[in-house]
Amino acid sequence: MTKTVAVILSGCGVYDGAEIHESVLTLLRLDQRGAVVKCFAPNIPQHHVINHLTGEEMPESRNVLVESARIARGAIEDLREADVTEFDALIIPGGSGAAKNLSNFSTQGAGCKVQAEVLAMAEAFAAAGKPIGLICVSPALAAKIYGPGVTCTIGNDADTAAAINRMGGTHQECEVTEIVEDKDRKLVSTPAYMVATSIGEAASGINKLVDRVLELVQENDDRLAD
């Protein structure tokens with residue numbers, strides 16, 4: 001059966017939104033594997049806007065949903081419209097938007113909160129035993145979604161790993177080409193550009209993550225069929 005996957009985007013651009021390479025690689029691999037994909041984003045203002053040429057903050061406001069539509073070529077919906085029962089799995093690419101728009105991890109660290117609609121959707125997937133894939137910095141949200149004891153990776157950044165551990169998660173170091181799986185929770189994570197120095201390196205781990213998420217969906221289907 002065709003697998004249906006929800007992807008949450010957090011804007012458009014590594015410094016203030018979804019990491020574009022990670023997002024496109026995720027969507028590409030899902031398409032190559034024959035999955036049906038629907039993109040979502042919260043309809044909220046961005047934390048701030050960064051000039052990606054200079055790295056400086058810009059004196060303007062942008063909307064996370066509107067900016068995310070750039071990556072999705074307009075085929076995206078307000079996260080409030082998402083129905084978890086329509087999907088087999090959830091994947092959240094990284095980029096600073098995961099830490100600035102989908103949460104306030106960038107400023108609050110271990111004391112962060114996840115944006116309400118993002119948290120509600122992710123918790124619903126977790127409660128239903130549906131696989132979730134978290135990429136780059138987005139695994140920093142894992143303990144807020146699953147609670148204490150969840151295992152995940154952001155690669156080897158000491159400060160981010162320490163924050164995950166303070167939130168009650170268990171951080172596991174990981175090479176860019178690999179994934180970390182919390183088998184009990186059906187959570188898969190990979191470092192991508194937390195470690196990657198090229199798009200090819202990022203792709204190696206993201207492809208493995210997408211493949212494993214889809215394998216977990218199949219395992220769920222097989223159990224239901226027994």
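It should be noted that the structure appears before, not after, this text.
Residues numbered from 1 in each chain as written. Predicted model: local features only at pLDDT ≥ 70, side-chain atom pairs only at ≥ 80, totals over all residues. Heavy atoms only, no water.

### A few points about the pairing of strand S2 (residues 36-41)
If a strand is regular, its side chains alternate between the two faces of the sheet. As paired strands, strand S1 (residues 4-8) and S2 are joined by 5 bridges and run parallel to one another. Directly across from Ile-8, in S2, lies its bridge partner Phe-40. Note: S2 against strand S5 (residues 76-78), 3 bridges, orientation parallel. Residue Phe-40 lies in a different strand from S5, and its bridge partner there is Glu-77. (Pairing = 2+ DSSP bridges. Helix = DSSP H or I, 4+ residues; strand = E, 2+ residues; numbered from the N terminus.)

### Here we look at the packing of aromatic side chains
As enumerated under the stated definition, the model contains 1 aromatic pair in all. Geometrically, the ring pair formed by Phe-40 and Phe-87 is edge-to-face, given 5.6 Å between the ring centres and 85° between the ring planes. Placement of Phe-40 in strand S2 and of Phe-87 in the loop between S5 and strand S6 (89-92) is noted, with a sequence separation of 47 residues between them. Each member of the pair Phe-40 and Phe-87 is classed as buried. The lysine or arginine in question, Lys-130, covers the ring of Phe-125, its NZ or CZ lying 5.9 Å from the ring centre. (Phe/Tyr/Trp six-rings, centres within 6.5 Å; stacked < 30°, edge-to-face > 60°. Buried < 20%, exposed > 50% of the residue type's maximum accessible area, 1.4 Å probe, protein only. Lys NZ or Arg CZ within 6 Å of the ring centre and 35° of its normal.)

### Quick notes on the pattern of salt bridges
Within this structure, the stated rule accounts for 14 salt bridges. Linking Arg-33 and Asp-211 is a salt bridge whose minimum nitrogen-to-oxygen distance equals 2.8 Å. Linking Arg-33 in the loop between helix H1 (20-32) and S2 with Asp-211 in helix H8 (residues 199-225), this pair joins segments that are 178 residues apart in sequence. Connected through salt bridges with shared partners, the residues Glu-181, Lys-183, Arg-212, Glu-215 and Glu-219 form a single ionic network. (Salt bridge = Lys/Arg side-chain N within 4 Å of Asp/Glu carboxyl O.)

### Things to note about the environment of Leu-119
One can find Leu-119 in helix H5 (residues 116-127). Judged by relative accessible area, which is 22%, Leu-119 ranks as partly exposed. Taking the C-alpha atoms as reference points, Leu-119 and Gly-155, separated by 36 residues in sequence, lie 23 Å from one another. With residues near it in sequence (within four places) discarded, Leu-119 still touches Val-114, Lys-144 and Ile-145. (Contact = heavy atoms within 4.5 Å.)

Nothing here speaks to function; it is all geometry.
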